[in-house]
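Inside the fold
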Amino acid sequence: MLRVGSKAACMACRNLVSTNMGVRFRVPLQKLHPLSRAIHHRYSGNANPQRPPHRSAARYFTSMSRLPMRPPKPPPGSGGRGHQQQRNFWVARLAARLLKLRYLLLGSAVGGGYTAKKTYDEWKDMLPDFSEYNWVIPDFVWELSEHIDLDKLAKALPEIEEIAKLLPDLDKIGENFTFLKSLLSSGVSLGSEVKGASGLHLLLETTGDPPLKATDSSASATQEGNDKQYKKSSDKERLDQLQEELLRTQLKYQRMLERLEKENKELRKVVLQKDDKGIHRRKVKKSLIDLYSEVLDILSDYDANYNTQDHLPRVVVVGDQSAGKTSVLEMIAQARIFPRGSGEMMTRSPVKVTLSEGPHHVAMFKDSGREFDLTKEEDLAALRHEIELRMRKSVKEGQTVSCETISLSVKGPGIQRMVLVDLPGVISTVTAGMASDTKETIFKISKAYMQNPNAIILCIQDGSVDAERSIVTDLVSQMDPQGKRTIFVLTKVDLAEKNLASPNRIQQIVEGKLFPMKALGYFAVVTGKGSSSESIDSIKDYEEDFFQNSRLLKDGMLKAHQVTTKNLSLAVSDCFWKMVRESVEQQADVFKASRFNLETEWKNKYPRLRELDRNELFEKAKNEILDEVISLSQVTPQHWESILQKKMWERVSTHVIENIYLPAAQTMDSGTFNTTVDIKLKQWTDKQLPHKALEVAWETLQEEFARFMAEYKGKDQDDIFDKLKEAVKDESIKRHKWNERAMDSLRVIQHNALEDRSITDKPQWDAAIQFMEETLQSRLRDTESVIKDMVGPGWRQRWMNWTNRTPDQHIRNETKNELERLLKLHDEHTAYLANDEVTTVRKNLEGRAVEVDPVLIKDTWHQLYRRHFLQKALSHCNLCKRGFYYYQRHFVDSELECNDVVLFWRIQRMLVITGNTLRQQLTNTEVRRLEKNVKEVLDDFGEDLEKKTHLITGRRVQLAEDLKKVREIQEKLEAFIEALHKEK
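Residues numbered from 1 in each chain as written. Predicted model: local features only at pLDDT ≥ 70, side-chain atom pairs only at ≥ 80, totals over all residues. Heavy atoms only, no water.

Rules: UniProt positions are given in the numbering used here, feature names are shortened, and annotations may be inferred rather than shown by experiment.
Going by what an unreviewed UniProt entry lists, the chain is known as Dynamin-like GTPase OPA1, mitochondrial and is assigned to Cottoperca gobio. Its UniProt record gives the chain the following Catalytic activity (unreviewed entry) comment, quoted word for word: "GTP + H2O = GDP + phosphate + H(+)". In UniProt, the chain has this text filed under Subunit (unreviewed entry): "Oligomeric complex consisting of membrane-bound and soluble forms of OPA1."

Following this line, the structure appears as structure tokens:
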């Protein structure tokens, strides 16, 4: 409500008038003030004789407004008219107050809304970040509420009375703090004794007692001493009671937290299980730790080049052998997953364990799809056995440990997220059964992991043995002298407390005063009683009971946050993620620069080639080799038979001529010829011929396979595959075994073919004669070539080429001339010279001053007679061209006997039938078996990384491999960094 006569009222009146009249004007301020006073006096009825109203202004205002004005208030005693005016004035004042209330409500609403919004924003900022669980909660929280019994959940929560029981007695705590304050102000420390009268005097001053005077009597002095002693003992008792009570209170809170944490774990498990059953239908993204673990898996297989070293963080677990490394890792993973042994080396290769949270407690290898349920003992035993097998498989022959990493992931409710690497235990002495370089190899592996500047070193020290016997502390001090990334863990504290005469030694260890090694933190844990059958829950209970009753904690030698594997797990996880956040982006930049360098090199060296890595090149070569093997099945039967017959005759022709034909033909008797031929053919068929035939078939298959590969190579084939294809061919041939059962059937077929002497028609006869002529002519040319080498060049060659015979060739030439004269005299001479004939030839040569040895004479005779016999056989072959009529009429007494033609026909028929039989076996069986062998060899090579690395080599391959790895690492690092920023 505006006060009449005020400056604001004048302004309001001025605006009202200007609005109603539709005229925009402003009344001067000096004119409105008198006008306001006049209106006030008029309506209030209080005329001021000293200050009369300004009539001209009133008239001006009335004429300009043209509004009905309120009549002036009548003077007192004017009757009903005055009462009506007073009532109208009261209504106007009420309306004005209501209007004022409306503005107050509107202002309050605006201010209250702003304040509520600000309070909501502040409250929202105080909430923790639940972005990690966005994939679980937002999409199905309402559906999940239908599946969860909220009443049952409410009943599971602790009652207020139970929580109140766990709360400490505040009054007692107040008394204890007052007592502590008095002790501290008097200069008496906790756990110390009060010495002297001065200390007691200060204590009494702080408690409010008056100081004793020096003028007291001797009785008073005695009483004062008694009071001092009593006060001293009571102070110690109260200190002990206070310490025990604080410890009990801490344990109560710890049990309460563990209970709430267990219930929270069960609720999270229910939520995740409901998600697995299909309430949450969208695809579940990989967790942050899984993304990081994938990067480490790729880096473990990556051969670092171009200074792209692996400096990503991980927790490296090192310690002396049997110090309890594996037990600590199992407590963190909450499962007995590693093989165990009594004193012997069990960890033979690095084991990378990726820990993450999940609805079920399971484990899985990187390269396997099998899940091991860690809540079942049979799965735990199978997992331990599989780890042991993988370790032994990774160790090469003659070695004890391996540097190959076994990658394992463990998921479960409440498990801290991190990546740990369990290394073989450090040893001081090489024992029997170990390789001589085992100690150096373990040191090399440990240093390789610890020299990573971002690796967190979890140094495990056995507390049950003398600290001076430790080796690992010196090794860790060398790799991390400042202790900026080392966490020290003292195991088997229960045995240490029991065996050590001075428990202060444990305090010195966990305070970092006994070892020269520095560390970020020191922890003391108990990992069971030493039995391999203990469960994780029983070990946890034993550890909690031990530290609850241990004097190490009661006497203040150990801090509460320094004990139990649970506190250790939380500390290691926090340190791990802090290191990851500080270093991962820098490592991503390193790989980005490496990728740029590799891509630039590829563009400069191989601008027109695709970036195929070793696996892709192997698949390409595999397809080409299989195409070449399939091409063998497209070879025509005629081609197979032609090749087989030709190669078969090349293999057996020498045996047929030298061991069958010539011995039989040189008998000069048809009956003896046929008998000798039959006997020798039978022996040949039973012992040699089938084996020779199979050898020929197998060699033919190999040659055809090689021929197809060579032809394919000429079709713009990449020469990078040559080494691989040659190895595949050799290994396939080595593995291929010919079907031995075919040999027996082949022997029967060949024997029947050679037994058949019947030539049914003239074309067969002519074909046999042609085959015989070609064979004899080939042998005659070979024999003449041998004779020519024996006797040296003839007169024409000597004249044209200016060459001369050697002395040996001269002697052989003279011997040849003498033996040729003998053959002219005795055209039907036998194949062998008689002794007297040898003597005659020798004497004739001596008469021409040529000294010759009898052996040389016989050797020369053999070649000359062979040529003479082959020439006669060829002339006889020409005569037999017209002998088919006599053969068909069985004219045995005929002068024209062609038994040699029949022999060659039998041989030719055997070659045809053998070639046909081998061709059928090749096309129906052996080609398919070879194709199968090739596929098996390719599959074996494909699984053998070392073999592929050896067979597919070169800078091009290595560059493509590095490019693929670096790109994959960079992409996964970027995905991990993006997820890491979202989690923040």
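So much for the structure itself; the text now carries on.
1. Here's the deal with the overall build of the chain
Under the convention used in this document: A helix here means a DSSP run of H or I that spans at least four residues, while a strand means a run of E at least two residues long, and both kinds are numbered starting from the N terminus. Each residue is placed in one exposure class: buried if its accessible area under a 1.4 Å probe, protein chains only, is under 20% of its type's maximum, exposed if it is over 50%, and partly exposed if it falls in between. Two residues qualify as a contact provided that any one of their heavy atoms is within 4.5 Å of a heavy atom in the partner residue. For the area figures, the Shrake-Rupley method with a 1.4 Å probe applies, and any residue is considered shielded solely by the protein chains shown.
Along the chain, the regular secondary structure elements total 35 helices and nine strands. The proportion of buried residues among the 984 residues of the chain is 40%. A separation threshold of at least 6 residues defines the contact pool for the chain, and within that pool the share at least 24 residues apart is 79%. Total accessible area computed for the chain in this model is approximately 56600 Å², and 52% of it derives from carbon and sulfur atoms.

2. Notes on helix H13 (residues 377-394)
In plain terms, the rule: To estimate the expected span of a helix, count its residues, drop one, and scale the result by 1.5 Å. Note: the arc covers the axis-to-C-beta directions of the helix.
Over its 18 residues, H13 extends 26 Å from the first C-alpha to the last, a length consistent with the 26 Å expected when each residue adds 1.5 Å. Within H13, burial applies to Asp379, Leu380, Leu383, Arg384, Ile387, Met391 and Ser394. Along the axis of H13, the buried residues cluster in a sector spanning 140°; they form a single face. When the buried face of H13 is taken as reference, the exposed residues oriented beyond 90 degrees from it are Glu378 and Lys393. Of the surrounding secondary structure, the elements contacted by the buried residues of H13 are strand S2 (351-357), strand S3 (362-365), strand S4 (372-373) and strand S5 (406-412).

3. As for the packing of helix H21 (residues 614-632) against helix H35 (residues 955-983)
To keep it simple, the criterion reads: Note on geometry: axes are C-alpha line fits, over the in-contact stretch for helices, and angles between N-to-C directions span 0 to 180 degrees. When describing relative orientation, an angle under 35 degrees is termed roughly parallel and one over 145 degrees roughly antiparallel, while 65 to 115 degrees is termed roughly perpendicular and anything else oblique. Here the term charged refers only to Asp, Glu, Lys and Arg, the term nonpolar to Ala, Val, Leu, Ile, Met, Phe, Trp, Tyr, Cys and Pro, and the term polar to all other amino acids, Gly among them.
Following both chains from N to C, one finds H21 and H35 inclined at 125°, their axes separated by 8 Å at the closest point. What the angle tells us is that H21 and H35 run oblique. Residues Arg614, Asn615 and Leu617 of H21 touch H35, and the partners they reach there are Arg956, Val957, Gln958 and Glu961. A breakdown of the residues in the contact of H21 with H35 according to their chemical character gives two nonpolar, two polar and three charged.

4. Remarks on the pairing of strand S1 (residues 315-319)
Residues in a regular strand project their side chains so that they alternate between the two faces of the sheet. Short version of the rule: Each pair of strands is called paired provided DSSP finds at least two bridges between the two strands.
Burial of S1 is extensive: five of the five residues sit out of reach of the surface. Neither face of S1 is left uncovered, since the one carrying Val315, Val317 and Gly319 and the one carrying Val316 and Val318 both have all their residues buried. Relative to strand S6 (residues 418-422), S1 is paired through three bridges, and the arrangement is parallel. Paired with valine 317 across the strands is aspartate 422, a residue of S6. Here five bridges tie S1 to strand S7 (residues 456-462), and the two strands are oriented parallel to one another. The residue bridging valine 315 from the neighbouring strand is isoleucine 456, located in S7.

5. Quick look at the packing of aromatic side chains
Using the following cut-off: Any pair of Phe, Tyr and Trp rings, taking the six-membered ring for Trp, is counted once the centres come within 6.5 Å. Such a pair is stacked with planes under 30 degrees apart, edge-to-face with planes over 60 apart, and tilted for the rest.
All chains considered together, the criterion is met by 15 aromatic pairs. Taken together, a centroid distance of 5.0 Å and an interplanar angle of 45° make the contact between tyrosine 292 and phenylalanine 976 tilted. One end of the pair, tyrosine 292, is in helix H11 (residues 288-300); the other, phenylalanine 976, is in helix H35, with 684 residues separating them in the sequence. Look at tyrosine 292 and you get buried, because its relative accessible area is 0%. Arranged with centres 4.9 Å apart and planes meeting at 50°, the rings of tryptophan 602 and tyrosine 606 form a pair that is tilted. Each residue in the set Trp649, Tyr661, Phe771, Trp861, Tyr865, Phe869 and Phe904 is aromatic and connected to the rest through ring pairs, giving one cluster.

6. What to know about the state of the cysteines
One covalent bond between the sulfur atoms of two cysteine residues makes up a disulfide. Worth spelling out the cut-off: Cysteine sulfurs are considered disulfide-paired once they come within 2.5 Å of each other.
In this structure the tally under the stated criterion is one disulfide. A sulfur-sulfur separation of 2.1 Å characterises the disulfide bridge that pairs cysteine 880 with cysteine 898. Between cysteine 880 and cysteine 898, the S-S torsion sits near -105°, and that sign places the bridge as left-handed. Taken together, the residues cysteine 880 in the loop between helix H31 (854-879) and helix H32 (884-888) and cysteine 898 in the loop between H32 and helix H33 (899-943) connect sequence positions 18 residues apart.

7. So, the sheet that holds S2
Strand order in this open sheet of nine strands is S4-S3-S5-S2-S6-S1-S7-S8-S9, and the pairing throughout is mixed. Whereas interior strands pair on both sides, the edge strands pair on one side only; in this sheet they are S4 and strand S9 (521-524). Strand direction decides the pairing type here: S3 and S4, joined by two bridges, are antiparallel. Within S4, the residue paired with alanine 363 across the bridge is phenylalanine 372.

8. Section: the side chain of aspartate 900
Which entries qualify depends on this criterion: Charged residues are defined here as Lys and Arg on the positive side and Asp and Glu on the negative side; His and the ends of the chain fall outside this count. We define a salt bridge as a side-chain nitrogen of Lys or Arg found within 4 Å of a carboxyl oxygen belonging to Asp or Glu.
Assignment of secondary structure puts aspartate 900 in helix H33. Despite being buried, aspartate 900 has no salt bridge partner; lysine 872 is the closest side chain of opposite charge, sitting 11 Å away. The residues touching aspartate 900, leaving out its near neighbours within four places in the chain, are Tyr661, Phe673, Met772 and His876.

9. Some remarks on the nonpolar core
Counted only if it meets this: The definition of a nonpolar core used throughout is a set of buried Ala, Val, Leu, Ile, Met, Phe, Trp, Tyr and Cys residues joined through side-chain atoms within 4.5 Å.
By size, the foremost hydrophobic cluster in this structure holds 96 residues, and its most contacted members are Tyr661, Trp684, Trp765, Ile907 and Val934. For this core, the leading source of residues is H33, giving 16 residues. In this structure, Ala333, Val353, Leu355 and Phe365 belong to the second largest nonpolar core, which totals 59 residues.

10. Comments concerning helix H30 (residues 835-847)
Taking 1.5 Å of rise per residue, 13 residues should cover 18 Å, and H30 covers 19 Å from first to last C-alpha, within 8% of that figure. Restricting attention to buried positions, one finds in H30 the residues Glu837, Val838, Val841 and Leu845. Axial view of H30: buried residues confined to an arc of 105°, hence all on one face. In H30, the exposed positions that point more than 90 degrees away from the buried face belong to Asn835, Asp836, Lys843 and Gly847.

11. Some points on the environment of asparagine 878
Residue position: asparagine 878 is located in helix H31. On the basis of relative accessibility, which here comes to 44%, the residue asparagine 878 falls in the partly exposed class. When the C-alpha positions of asparagine 878 and isoleucine 769 are compared, they lie 8.2 Å apart, and in sequence the two are 109 residues distant.

12. What about a nonpolar patch on the surface?
This is how it is decided: Within the patch definition used here, like charges are joined within 9 Å and nonpolar side chains (Val, Leu, Ile, Met, Phe, Trp, Tyr) within 5 Å, considering only residues with over 30% relative accessible area and no salt bridge.
On the surface, Trp795, Trp799 and Met800 cluster together into a nonpolar patch covering about 490 Å² of accessible area. Within the fold, tryptophan 795 resides in helix H28 (residues 795-801). Under the relative-accessibility criterion, tryptophan 795 is labelled exposed at 61%.

13. Focus: the pattern of salt bridges
The tally for this structure, following the rule as stated, stands at 47 salt bridges. The salt bridge partner of lysine 964 is aspartate 613, with a shortest N-O separation of 2.6 Å. With lysine 964 in helix H35 and aspartate 613 in the loop between helix H20 (565-605) and H21, the pair connects residues that are 351 residues apart, well separated along the chain. Note on lysine 964: relative accessible area 39%, which makes it partly exposed. The exposure class of aspartate 613 is buried, given its relative accessible area of 2%. A salt bridge links aspartate 766 to lysine 762; its shortest N-O distance comes to 2.6 Å. Here lysine 762 and aspartate 766 lie together in helix H27 (residues 762-791), a separation of four residues that amounts to about one turn. Judged by its relative accessible area of 32%, aspartate 766 is partly exposed. Overlapping salt bridges, with partners in common, bring together Arg595, Glu599, Glu611 and Arg967 in one network.

14. Focus on empty space enclosed by the protein
Just so we agree on the cut-off: A pocket, in this scheme, is an open set of points on a 1 Å grid over the protein atoms alone with protein on both sides within 12 Å along at least 5 of 7 lines, while a cavity is a set where a 1.4 Å probe fits but cannot get out; residues line either one if an atom lies within 4 Å of a point. Grid points are joined across faces, edges and corners, and a volume is the space filled by probe spheres set on the points.
Per the stated rule, a full pass over the model turns up six cavities of 30 Å³ or more. By volume, the largest cavity is sized at about 70 Å³. Taken together, eleven residues form the lining of the largest cavity, with Gly463, Val465, Asp466, Ala467 and Ile509 sitting closest to its centre. Tallied by class, residues from the lining of the largest cavity come to six nonpolar, two polar and three charged.

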